[in-house]
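# Coordinates in review
The chain contents come next:
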Amino acid sequence: MTREMLLHGGALDLMKARFPDAPLPWIDLSTGINPWPYEGGLDVAAAGRHLPTAAEFEDCAAAMAVAIGVNKQHVLLSPGSELLIRLLPTVVAAKRVCVTARSYGDHASAWRLAGVQLIESNDPLEQIDHCDVVIVCNPNNPDGRRWTREALQRARARLAERGGWLIVDEAYMDLDPDGSVLSESPTDGLIVFRSFGKFYGLAGIRLGALWAPAEITQAMSERLGVWPVSGPTLAIGAQAYRDIDWQDATRQRVSSARKELDRVLSHHGLGVVGGTDLFRLVQVPCAERWWQELGARGIYTRRFKWSENELRFGLPATDAELERLDAALQEINASK
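As the structure is a prediction and not an experimental result, all values here were calculated from the model. (Residues numbered from 1 in each chain as written. Predicted model: local features only at pLDDT ≥ 70, side-chain atom pairs only at ≥ 80, totals over all residues. Heavy atoms only, no water.)

## Some points on the packing of aromatic side chains
Scanning the entire structure with this criterion turns up 11 aromatic pairs. For the ring pair tyrosine 172 and phenylalanine 279, a centre distance of 5.0 Å and an interplane angle of 75° mean the geometry is edge-to-face. You can see tyrosine 172 sitting in the loop between strand S6 (165-169) and strand S7 (190-195) and its partner phenylalanine 279 sitting in strand S10 (residues 279-283), a full 107 residues away along the chain. Ring geometry for phenylalanine 199 versus tyrosine 200: centroids 5.1 Å apart, planes at 90°, classification edge-to-face. Phenylalanine 199 sits in the buried class, given a relative accessible area of 2%. Ring pairing ties together the aromatic residues Tyr38, Phe196, Phe199, Tyr200, Tyr241 and Trp246, which thus form one cluster. In this structure, arginine 312 packs its charged tip against the face of phenylalanine 279, placed 5.5 Å from the ring centre. (Phe/Tyr/Trp six-rings, centres within 6.5 Å; stacked < 30°, edge-to-face > 60°. Helix = DSSP H or I, 4+ residues; strand = E, 2+ residues; numbered from the N terminus. Buried < 20%, exposed > 50% of the residue type's maximum accessible area, 1.4 Å probe, protein only. Lys NZ or Arg CZ within 6 Å of the ring centre and 35° of its normal.)

Below you can see the structure in the form of structure tokens.
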């Protein structure tokens, strides 16, 4: 198995090369991206004919700020949150950093490259007295674990007393906005990442945001440059963030689809051990075998280098895809 297949989902080109005889079309369940993307009918061609303007940037930031319940002046837009994760060690000085074990791996990778002492903990909030930076994904990917706002704020306060930072990656918080640690104005010691692509189903748009005290957003802005986000992206983001009806309907839709996926997985003995409404983590006797068997049937799931018995399933986009997954799991069980 190539390293790329374990680093991230979405490498469908590699899967097609690995399983050239798999039936078509492929079903890509390897990501936690909404399979029903936002489609507002917006013509973005005009926005691509000129350099992004300050007004377009401000309009998108304002729309996002209202959608997530913060003040616009504290929101810094970026071309996806992954770049922010990579740049943060150049903005925040640290010697010891704690990240959540079994979580989104780019956080650990970015700080490891920065040469810090890296600690991976099942409960990173227990490390707040021993580290300069503590990082959690809330909800966590891939197990969906949640930390309460109260617990996170207590951790932030303790870290801030020593000049430390709590980093909260809320890439999946659009599913449950009430769980966000965001407030109207930033507080000392807290940095929050937000991501557009997962909930809105437009990962290729590359839109993310940073919410932090002014010294952090200013330093990050200097690194991102003058035109960090494309004009078409700003136009799509502004419209999507203002479409409250679509957001509410989407939360209901993915919740219903997640329940149907759970039903199919459980029916075939794949025990769901965590996740969110956009992905499910299951336990299997041998993740490599199940990944291979599903891949041979044109179904792409997500494996993890740190687990031999867990797979992650995204949401099938249609009833036909769910039925095909159902049939594939039946065949695999029958072939044991």
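## Quick notes on the packing of helix H3 (residues 54-68) against helix H9 (residues 231-242)
At their nearest, the axes of H3 and H9 sit 8 Å apart, and the two run at 25° to each other. Overall, the two elements H3 and H9 adopt an arrangement that is roughly parallel. With respect to the hand of their crossing, H3 and H9 are arranged in left-handed fashion. Across the interface between the two elements, Glu56, Phe57, Asp59, Cys60, Ala63, Met64 and Ala67 from H3 touch Leu234, Gly237, Ala238, Tyr241 and Arg242 from H9. Residues belonging to the contact of H3 with H9 are distributed by class as follows: 8 nonpolar, 1 polar and 3 charged. (Axes fitted to C-alpha atoms, helices over the stretch in contact; angles between N-to-C directions. Parallel < 35°, antiparallel > 145°, perpendicular 65-115°, else oblique. Left-handed = near helix turned anticlockwise from the far one by under 90°. Contact = heavy atoms within 4.5 Å. Nonpolar A, V, L, I, M, F, W, Y, C, P; charged D, E, K, R; others polar.)

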